[in-house]
Structures are given as structure tokens and as C-alpha cells.
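# Report on the structure
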Amino acid sequence: MSDATLKTPIAGLHHVTAISGPAQENLNFYTEALKTRLIKQTVNFDAPEMYHLYYGAADARPGSVMTFFNREEGAQGQAGEGAALAFAYAAPPDTLADWQAALGGTISTRFGAQVLSLRDPHGQAFEIVADPSDGAWGEFHSVTLWLADPGPTAAILTDIFGYSYQGEERGDGGLRQRYALPGDAPGRVIDLWQSELPVKARPGAGTIHHIAFRAGDEGHQAALREALIARGQEVTEVKDRQYFKAIYFREPGGVLFEIATDGPGFATDEPLAALGQSLQLPPQHEPRRAELKKALPPLVVV
Ligand code: ZN
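## Topic: the nonpolar core
- Core analysis: the largest hydrophobic core is formed by 59 residues, its most contacted members being Phe87, Leu145, Phe161, Ile211 and Phe213.
- Each residue touching Ile211, except ones within four places of it in the same chain, is listed here: Leu13, His15, Val16, Ala84, Val143, Leu145, Ile190, Leu256, Phe257 and Glu258.
- Of all hydrophobic cores here, the second largest spans 13 residues; its members include Ala60, Phe244, Tyr248 and Leu275.

Okay, here's the thing in C-alpha cells:
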């Protein structure tokens, strides 16, 4: 592991990607009920007959980007060991009651803060956490990973990514350990959850596919890649995801981790004011636009 990596910790979450049911239902919930902004309407670059919809804060800042591979049909997934269980938005403490009135859910206290626990229309667990810092709506507070053994995952977070242990709480049939990054970047908290009941994760609608961490730039990403490989992790080559450069690896607990760069950002193929209004395709899929538009269900963007 290089000292350079340790001196530059991960800057928090970049995005979280989950699998949803039908795209229109997903769009309606995340924009109308949850009031995040549709910031990109594109396709799954690896399976372009499927929408990939991105939601975030109004300015599409990294750390606020929740994305979905939208499956029109397909089996429901199952949360369990080896996958991320839930993502959480940060919200001013005095707004939690309003969110509960609008969306339902239950409020509990976790590490001294109120947490509203909810599910989206396709069964994805998510939370709204009372947080006094004044970030934009749509910024992440944290993600929770469900792990059979949190130890090896925690070691990657602390030794390579720069997280530190914050404490643990027992309850809800398991043990929750909290790790956080220094500073106040959105999504700087990760909870590692160990259930007393062993349940294996099964991918499908309503489950998180991967979580992506922020590297400031490609140099930082390369240093992290080197440190992970030195640690014995198998890491992909750098992939061009149009809005960021990405590398992927499956961490020891089984969760797919991505490290994404801040640049070039979501305004690279359409102006910031028009984000999400029309279908954007990367150069490799642009020649198939007419065919893909026919295969994809029509989407009404309000
Ligand atoms: Zn991703």
C-alpha cells in the first residue's frame, strides 16, 4: 500500500446503483414523491436494452447520485449477506416528520440521530437520516452493507480508503458497526451490518447492485487501484462511463465496489439546465439509437 493513498482518503460516496422494476414507476417515485432530480436518462452501457436512470441533487453533485438499472420485468431480489442493504439520504432534523407524513415508514434512533426507514415501490430499503449539516437535498448520508463477517471489509475501508471506526450498536436482530471518513463530504458514513439470521443476498428488483466511492481524479483512482491490487484484490481496468471513469472490484464480504472519478461530470453531453430531459447514449451505442428507442418503454418525464 502506498503512503500517497493513505494521505488522500476516499472523498465519500459517488453514487449508488440499484435494480428497480418498471422505469416509469421508478421515475415517478424518485422525482415526484422523493423530490430528487432526474439528472440522466441513459441505458445500461453493458446491456443497452435497459434504461439506466440517475437521480440526484439539483446540481448533480457526486455524493447525491442514486441510479437504477430499470427492469420492466424480472424477479424480485432478496437483501442479505454479501450486498448493500440500504442507502440513506441526509435531511435537516426538522423535516423528518414531514417526510414520514408524506411517505410513511418508521422512525428510530441510531447513533443518536433519528432515522426514517422506508421502501421504494419496488421494495428497495432506504432511509432518511436527520443530519444538522446543511447539504443539498439528495445528498447521501450513508450506505449499509450486510456482511457475514465485517472484519475483512472494515480492513479495506480503514487501511486503503481512509475510514475510521466510530462505534457499534446492537439491535434489530444484529450488530451495526459504523465507519466514517474525515471531513463533511456527502456519503462519508458506512455501516457494516451483521445479522443474527444468516440470509444470502439474491440479486433482483429492490436490491442494490453496487456502491461507488469518489476518487478526486484519475491519479487518485490509479493509486487506489494499485493499493487494492497490492492487497490481493482483483480490480478491473479503467472503464469509461461517459460521466466518470470507473474501476470495480468485489470486496472480501462480497459487495461490488466501484471507484469513480468526479470528472467529467453529468453536464458533458447535455447542459446542466436540461439534465435528464432526453435520452443520452454513449458513442458506442449512438448508432443503435432508433433500435434502442423502440426496445425501451416510452418514458414520461415531468
Ligand atoms: Zn456505478
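## Points about the sheet that holds strand β16 (residues 256-264)
- Strands sit in the order β2-β3-β4-β1-β13-β16-β15-β14 across an open sheet of eight strands; the sheet is mixed. This sheet does not close on itself; its edge strands, each paired only once, are β2 (37-44) and β14 (239-240).
- With two bridges connecting them, β14 and strand β15 (residues 244-250) associate as antiparallel partners. Each bridged residue has a counterpart across the sheet, and for Asp240 the counterpart in β15 is Lys245.
- Helix α4 (residues 150-161) contacts β13 (207-215), β15 and β16 of the sheet and is inclined by roughly 30 degrees relative to β16.

## What to know about the coordination of the zinc ion
- All of the protein donors around the zinc ion are His15 (NE2), His210 (NE2) and Glu258 (OE); their distances to the metal are 1.9 to 2.0 Å.
- Between the donor residues of the zinc ion, the gaps in sequence give the motif H-x194-H-x47-E. Taken together, the positions of His15 in strand β1 (residues 13-20) and His210 in strand β13 put the pair 195 residues apart, joining distant regions of the chain. Exposure class is identical for His15 and His210. Each is buried.

## Observations regarding the environment of Ala102
- The residue Ala102 is located in helix α3 (residues 96-103) in this model.
- For Ala102 and Ala33, which are 69 residues apart along the polypeptide, the C-alpha to C-alpha distance reads 7.9 Å.

## Brief notes about helix α5 (residues 218-230)
- Relative to the 18 Å expected for 13 residues at 1.5 Å per residue, α5 spans 18 Å between its end C-alpha atoms, a close match to the ideal helical length.
- Regarding α5, the residues found buried are His220, Gln221, Leu224, Arg225, Ala227 and Leu228. Viewed along the axis of α5, the buried residues span an arc of 165 degrees, placing them on a single side of the element. α5 presents Glu226 and Ala230 as exposed residues on the side facing more than 90 degrees away from its buried surface.
- The opening residue of α5, the one whose side-chain oxygen lies 3.1 Å from the backbone nitrogen of Gly219, is Asp217.
- Where α5 ends, the next residue or the one after it, Gly232, has phi of about 95 degrees, a positive value.

## Quick look at the pattern of salt bridges
- In this structure the tally under the stated criterion is 16 salt bridges.
- Where Arg61 meets Asp59, a salt bridge forms, and the shortest distance between an N and an O atom there is 3.0 Å.
- We classify Arg61 as partly exposed; its relative accessible area is 28%.

## Regarding the sheet that holds strand β7 (residues 113-119)
- Reading across the sheet, the eight strands line up as β6-β7-β8-β5-β9-β12-β11-β10 and stay open at both edges, with mixed pairing between neighbours. The strands lining the two open edges of the sheet, one partner per strand, are β6 (106-110) and β10 (164-171). The mean angle between the axes of side-by-side strands here comes to 25 degrees, regardless of whether they run parallel or antiparallel.
- Contacts from α3 reach β5 (83-91), β6, β7 and β8 (125-130) within the one sheet, and its direction differs from that of β7 by about 15 degrees.

## Points about unusual backbone geometry
- For the peptide bond that leads from Gly263 to Pro264, omega is 0 degrees, which places it in the cis range.
- Structurally, Pro264 is set in strand β16.
- Of note, the phi angle at Lys35 is positive, near 60 degrees, even though the residue is not glycine.
- Along the chain, Lys35 turns up in the loop between α2 (23-33) and β2.
- Its relative accessible area of 56% is what places Lys35 among the exposed residues.
- A positive phi angle, close to 55 degrees, is found at Asp172, a residue other than glycine.
- Within the element layout of this structure, Asp172 appears in the loop between β10 and β11 (174-180).

So, how was this worked out
For every chain, the first residue of its written sequence is number 1, and the numbers climb from 1 along that sequence. Restriction of local features to residues with pLDDT of at least 70 applies here, the model being predicted, together with a cutoff of 80 or more for giving and counting side-chain atom pairs; totals for whole chains, interfaces and linings are based on all residues. Excluding hydrogens and water, the side-chain values take into account all heavy atoms of the structure. Side-chain atoms within 4.5 Å link the members of a nonpolar core, which is a set of buried Ala, Val, Leu, Ile, Met, Phe, Trp, Tyr and Cys residues. We call a residue buried when its accessible area falls under 20% of the maximum for its residue type, exposed when it is over 50%, and partly exposed in between, using a 1.4 Å probe and counting protein chains only. Contacts between residues were defined by any pair of non-hydrogen atoms, one from each residue, lying within 4.5 Å. For two strands to be treated as a pair, DSSP must find at least two bridges joining them. Only DSSP runs of H or I with at least four residues qualify as helices, and only runs of E with at least two residues qualify as strands; both kinds are numbered from the N terminus onward. Throughout, an axis means a line fitted to C-alpha atoms (over the contacting stretch in the case of helices), and angles, computed between N-to-C directions, take values from 0 to 180 degrees. Only nitrogen, oxygen and sulfur atoms qualify as donors, and only when within 2.8 Å of the metal (3.2 Å in the case of Na, K and Ca); with water excluded, sites may look incomplete. Here, expected helix span is obtained from the residue count minus one, scaled by 1.5 Å. As used here, the arc is the angular range of directions from the helix axis to the C-beta atoms. Pairs of N or O atoms within 3.5 Å make up the polar contacts considered here, provided that, within protein, one atom can donate a hydrogen while the other can accept it, and that residues adjacent in sequence are counted only when both atoms are side-chain atoms. Definition used for salt bridges: Asp or Glu carboxyl oxygen within 4 Å of a side-chain nitrogen of Lys or Arg.

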